[in-house]
Amino acid sequence: MLSRKNFIYTSALGVLPLSFAPSLLRCSSPVTSLDENFWQQIRSQFIISKDLINLNNGGVSPQPLPVQKAHEENLKLCNNGPSFYMWRQLDKQREPLRQRLANTFGCAPTELAINRNTTEGLNTIIAGLPLKAGDEVVLSKYDYPNMMNAWKQRATRDGIVLKWVDFQLPEEDENTVVAKFKAAITSRTKLVHITHILNWTGQILPAKKIAAMARQAGAEVLLDASHSFVHIDYKLSDLDVDYAAASLHKWLCAPFGTGIMYIRKEKIAKVWPAFSAPLPEDDNIGKFECIGTRSFAAEMAAAAALDFHENIGMNRKTERLRFLKNYWCNAIKDLPKVKLYTSLRDEFSAGIATFGIAGKDAGEIENYLLKQYNIHTSVVKHEALNGVRISPNVYTSTRELDLLIKGIKEFAAS
Ligand SMILES: Cc1ncc(COP(=O)(O)O)c(C=O)c1O
């Protein structure tokens, strides 16, 4: 095992030229999650810090070099005369980009708005739905704080009633999860809010089953796809949900501040846009894009992120992320004081997992890993959880994870 001292960091710029060679990735022979040569090539496309091992990609991910390059070139172009080059020239890429994002998410381009992040998308839907006092919404105690707050705000403002589902994490029985949502539904339930992958522990919820149950009970379904979009393989059309949103700066590795929002075509007309539009009751998804001046340079560079993602391939990426999670989890899960808050079964997790150490506060663990090993992680203290979340990405090496394992072992034994 490597010590901190002799750990070799790879400089991204030293391995491959800035211009990304996708052909390197289009291997004729099948490449698996274990082919370190392939994953080293992927790693070489990222700036790898000499000072930090970043294991909080769930918060926000870095962009690979071709995405940075596309973003920079877009910016340069725009700075030649923003109102001409940004609004007239660069914007011509918007509809082709929308089409590609819609294909990837599994919806029609007429159902997809390009915006800044999941928070914006879900808040638009939550604030814009025509709900009235007494209408009920089912959500969980482990949804993302911004969304729980958005619903609480509507409860305070409009008198809607929130029905909270609780979990015991990790949860390893899909039927139990569906039953919990079902138990919270009444004849007044208008909508069920599902977080596809919980940010706290990486738990995957059985969204398709919950959605089918909810729809049968007459409720609409909203999906928080912030962590599931291009992390695990699915299509919105298969899940059959009414509303969804995702951030492109997480698992797609697109520029910071880029996101998407989906609304089923026949529901668009009834959702009020958060920012006023000329025809607010129209069924044109464009009414949600009247959000004023923002960076088209960042938005349009999402196409380069899609290229990068497609060159890796959806299944290969999920497999790799799962392999990395299992790599460190299997090495620590049987230590006496260690508790995993995440199931290692494939149906319930992919790349993210959270662990705790009995008798230790999550903040102390996070601090130890950062101070001793320059490993950046995320503290999870919420409801029954007191742990540290680890979220590697496609550029993470097993050598970095070896250091994580070493640090956890040391701290658990202290
Ligand atoms: C489940 C979930 N939903 C929504 C968000 C919000 O994402 P953003 O900050 O990109 O809006 C996050 C961010 O981590 C998340 O984990």
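Worth saying up front: this structure is predicted, and the values here are computed from it rather than measured.

Draft legend 1. Focus on the overall build of the protein chain. A tally of helices and strands in the protein chain yields 15 helices and 13 strands. Taken over the C-alpha atoms alone, the protein chain extends approximately 60 × 55 × 40 Å along its principal axes. For the protein chain, the residues scored as buried account for 56% of the 414 residues in total. Within the protein chain, residue pairs in contact and separated by at least 24 positions form 72% of the contacts whose partners lie at least 6 positions apart. As displayed, the protein chain has an accessible area near 16700 Å², and 52% of this comes from carbon and sulfur atoms. Of the charged side chains in the protein chain, 50 are positive and 43 negative; the average position of the first set lies 3 Å away from that of the second.

Draft legend 2. Up close: helix H2 (residues 36–43). Taken together, the buried positions of H2 are occupied by Phe38, Trp39, Ile42 and Arg43. An end-on view of H2 places all buried positions within 145° of arc, on one side of the element.

Draft legend 3. Structural view of the site of the ligand. Not every one of the 13 residues close to the ligand is listed here, only the nearest: Thr119, Asp224, Ser247, His249 and Lys250. Residue Ser247 places a side-chain N or O atom 2.6 Å away from an oxygen atom belonging to the ligand. In the model, an oxygen atom of the ligand is placed 2.7 Å from a nitrogen or oxygen of the His249 side chain. Protein burial of the ligand: of its 390 Å² of free accessible surface, 90% is covered by the chains. A breakdown of the residues in the shell around the ligand according to their chemical character gives two nonpolar, nine polar and two charged.

Draft legend 4. Here's a closer look at the pattern of salt bridges. For the coordinates displayed, the defined rule picks out 33 salt bridges. Close ionic contact of Asp346 with Arg322 constitutes a salt bridge, the shortest N to O distance being 3.6 Å. With a gap of 24 residues between them, Asp346 in the loop between strand E9 (338–340) and strand E10 (353–357) and Arg322 in helix H13 (residues 314–332) connect regions that are remote in the sequence. A relative accessible area of 42% means that Asp346 is categorised as partly exposed. The closest approach of N and O atoms between Lys333 and Asp334, which form a salt bridge, is 3.4 Å. The exposed category is assigned to Asp334, whose relative accessible area is 63%.

Draft legend 5. Focus on the packing of aromatic side chains. Here the structure, examined in full by the defined rule, presents ten aromatic pairs. Aromatic side chains Phe323 and Tyr327 sit 6.0 Å apart centroid to centroid with 55° between the ring planes, which places their arrangement in the tilted category. Within this pair, Phe323 and its partner Tyr327 are both found in helix H13, separated by four residues, close to a single helical turn. A residue is classified by how much of its surface remains accessible, and Phe323, at 18% relative accessible area, is buried. An aromatic cluster of three or more residues is present, and its members are Phe46, Phe308 and Tyr395.

Draft legend 6. Layout of the sheet that holds strand E4 (residues 161–165). Taken together, seven strands build an open sheet; the order of strands is E2-E8-E7-E6-E5-E3-E4 and the sheet is mixed. Two strands bound the open sheet, and with one partner strand each, they are strand E2 (112–115) and E4. Going from strand to strand, the sheet's axes swing by 15° on average, the running direction of each strand aside. Sheet analysis places strand E3 (residues 136–140) next to strand E5 (residues 189–195), joined by three bridges and oriented parallel.

Draft legend 7. Expanded view of the packing of helix H6 (residues 118–128) against helix H7 (residues 145–158). Following both chains from N to C, one finds H6 and H7 inclined at 20°, their axes separated by 10 Å at the closest point. As judged from the angle between their axes, H6 and H7 are roughly parallel. Classified by chirality, the crossing of H7 by H6 is right-handed. Along its contact with H6, which presents Thr118, Thr119, Leu122, Asn123, Ile126 and Ala127, the element H7 presents Asn146, Met147, Ala150, Trp151, Arg154 and Arg157. Looking at the contact of H6 with H7, its residues break down into six nonpolar, four polar and two charged.

About the thresholds
- Starting afresh in each chain, residues are numbered from 1 along the sequence in its written order.
- Residues qualify for local features only when their pLDDT is at least 70, as the model is predicted, and side-chain atom pairs are given and counted only at 80 or more; totals for whole chains, interfaces and linings, by contrast, use all residues.
- With hydrogens and water excluded, all non-hydrogen atoms of the structure serve as input to the side-chain values.
- Helix and strand assignments follow DSSP, with helices taken as H or I runs no shorter than four residues and strands as E runs no shorter than two, numbered in order from the N terminus.
- Each residue gets one of three labels from its accessible area relative to the maximum for its type: buried under 20%, exposed over 50%, partly exposed in between, using a 1.4 Å probe on protein chains only.
- By definition, residues are in contact when any of their heavy atoms lie within 4.5 Å.
- A 1.4 Å probe and the Shrake-Rupley method give the accessible areas. Residues count as covered only by the protein chains that appear here.
- Here the positive residues are Lys and Arg and the negative ones are Asp and Glu; neither His nor the chain ends is included.
- Taken as the charge centre is NZ of Lys, CZ of Arg, CG of Asp or CD of Glu, depending on the residue.
- An arc is given here, and it is the one of the directions from the helix axis to the C-beta atoms.
- By convention in this text, a residue qualifies as near a molecule or strand provided that one of its non-hydrogen atoms is within 4 Å of it.
- Pairing of N or O atoms within 3.5 Å defines a polar contact, subject to two protein rules: one partner must be a possible hydrogen donor and the other a possible acceptor, and residues neighboring in sequence count only if both atoms are side-chain atoms.
- All residues other than Ala, Val, Leu, Ile, Met, Phe, Trp, Tyr, Cys, Pro, Asp, Glu, Lys and Arg, Gly among them, are scored as polar; the first ten of these are nonpolar and the last four charged.
- One speaks of a salt bridge when a side-chain nitrogen belonging to Lys or Arg is within 4 Å of a carboxyl oxygen belonging to Asp or Glu.
- Classification of ring pairs uses Phe, Tyr and Trp, with its six-membered ring standing for Trp, and accepts pairs whose centres are within 6.5 Å; under 30 degrees between planes counts as stacked, over 60 as edge-to-face, and the remaining range as tilted.
- We treat two strands as partners when DSSP finds at least two bridges between them.
- Orientation is described by lines fitted to C-alpha atoms, with helices fitted over the stretch in contact, and by angles between N-to-C directions that extend from 0 to 180 degrees.
- Roughly parallel here means an angle under 35 degrees, roughly antiparallel means over 145, roughly perpendicular means 65 to 115, and every remaining angle is called oblique.
- Left-handed describes a crossing whose near helix is turned anticlockwise from the far helix through less than a right angle; right-handed describes the clockwise counterpart.

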